[in-house]
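Architecture and fold: a report
Okay, here's what each chain looks like letter by letter:
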Amino acid sequence: MRKLLIVAILAAAVAAFMLLTSLKQEPPKTERTRPDPLVDVLVLEEMTAHFEVRSQGTVKPKTETVLSAEVSGTIIWISPKFVAGGIFSADEELLRIDPTNYVVAVEQAEALVAQRQIEHDGASKLLSRGYRAEAEYASAAAALAGAKAELVRARRNLERTRIRLPYRGMVRAKETDLGQFVNPGSRLGVVFAIDLAEVRLPLTDTDLAFLDLPGAAQIAASGSAEGPRVTLSAVQEGRRVSREAQIVRTEGVVDEKSRVTYAVTRILDPYALDTDAAALPVGTFVDAVIAGKEAHDVIQVPRAVVRGSNQLLFVDDDNKLRIRSVEIVRADADHVYIVSGASPGERVVTTVLETAVNGMPVRVTGEVSEDADEAGA
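All values reported here derive from a predicted model rather than from experimental measurement.

About the thresholds
- Residues numbered from 1 in each chain as written.
- Predicted model: local features only at pLDDT ≥ 70, side-chain atom pairs only at ≥ 80, totals over all residues.
- Heavy atoms only, no water.
- Helix = DSSP H or I, 4+ residues; strand = E, 2+ residues; numbered from the N terminus.
- Buried < 20%, exposed > 50% of the residue type's maximum accessible area, 1.4 Å probe, protein only.
- Contact = heavy atoms within 4.5 Å.
- Salt bridge = Lys/Arg side-chain N within 4 Å of Asp/Glu carboxyl O.
- Polar contact = N/O pair within 3.5 Å; in protein donor to acceptor, adjacent residues only side chain to side chain.

Below, the discussion takes up the overall build of the chain. Of the regular secondary structure elements, the chain holds 6 helices and 22 strands. Counting the 377 residues in the chain, one finds 32% classified as buried. Taking contacts inside the chain between residues at least 6 apart in sequence as the whole, the part at least 24 apart equals 74%.

Below is the structure:
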């Protein structure tokens, strides 16, 4: 009886389980939908762009002179300013060569001129009275002219014992010293003018399209012309300083190796001796920002939204993606400028999408918020 009871209980349990299983209803099946990507958009607008062209270069003197002795002798005096970095004025004496021999040569030449003048005057009087021939008078005149020429040479050599320059400048290198004997052609030092300095700025063919540089015809008359304004900047003593300058000419040839054209920028008073501007000493490496041409009716977009070289993601009126190529006229570190392929009022995606398919539906951030507010109301 006990075994039968156990079997009956198990059978009843199995029957109850089968009954409950058959009565259980399956939950309703719902399709799992993936929400459309949420994106930010930028509404395009036309603008007038003021393009800038960037370049780099080194400040160099416009006028630099290698000092050489024109006469021989011993250096007997050197100016305290004739040291590397020394600044001197125009026509200021920097060195002096022993003038003794040249003073003597001037006195001898003056004495010879006086003698030849007397001979010339005597020959002239005798010729007027008929006591001398024309040839004798001509010989005396030639001797006088030769003596005067020798006096000019002697005086010029005496002047050359004092080394001067016709400009205000700075000493780059001193290559002689007191007591040294020099011959004509001996190097004495290197100096340069500090009234003007120049910077050669390399420009690519693309850069030239956005600059209004002076042409060869404009430069031909005076060697320079008024070109675009340039802002030069450099780091000095841990801080960046800037200085205004101007392009005055181009070098007129394309570099065969780098294929660039050099524009020359002129800096007035580079050492700021007469102004309150920042000094840009010779040898300073500078960054240059050149004012370029204006472009009207262009569209500016952030550079980060450009896909590949020239594609943008547009959102149409149905909130679907449209991938389109545009024509970019200029690009810098932050923006690109479009002249065709896009229109004012169109919307461009600024959100980074891992996968973008032409025609893919998207949700626009501002529109999603408005829809939620309407649903809540």
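Attention shifts here to unusual backbone geometry. Phi is positive for Ala272, which is not a glycine, with a value near 50 degrees. Taking relative accessible area as the criterion, Ala272 reaches 17% and is therefore assigned buried. Even without glycine at this site, Asp297 takes up a positive phi of about 55 degrees. In this structure, Asp297 sits in strand 16 (residues 285–302).

Another aspect to go through is the pattern of salt bridges. One pass over the structure, following the stated rule, counts 19 salt bridges. A salt bridge links Asp274 to Arg168; the shortest N-O distance between them is 3.2 Å. Residue Asp274 is located in the loop between strand 15 (261–268) and strand 16, and its partner Arg168 is located in the loop between strand 8 (162–163) and strand 9 (169–174); the two are separated by 106 residues in the primary sequence. Exposure remark for Asp274: the relative accessible area of 58% places this residue in the exposed category. Accessibility expressed as a relative area gives 36% for Arg168, which makes it partly exposed. Across the pair Asp316 and Arg322 runs a salt bridge whose closest N-O atoms are separated by 3.0 Å. Here Arg322 falls in the partly exposed class, since its relative accessible area comes to 33%. The network of salt bridges with common partners includes Glu93, Arg96 and Arg162.

Turning to the environment of Asn319, a few remarks are in order. Mapped onto the fold, Asn319 is located in the loop between strand 17 (311–315) and strand 18 (321–325). Note: C-alpha distance between Asn319 and Arg363 (44 residues apart in sequence) is 6.7 Å. Residues within four places of Asn319 in sequence aside, it is in contact with Arg347, Met360, Pro361, Val362, Val364 and Glu367. Polar side-chain contacts of Asn319 include one of 3.0 Å to the side chain of Arg347.

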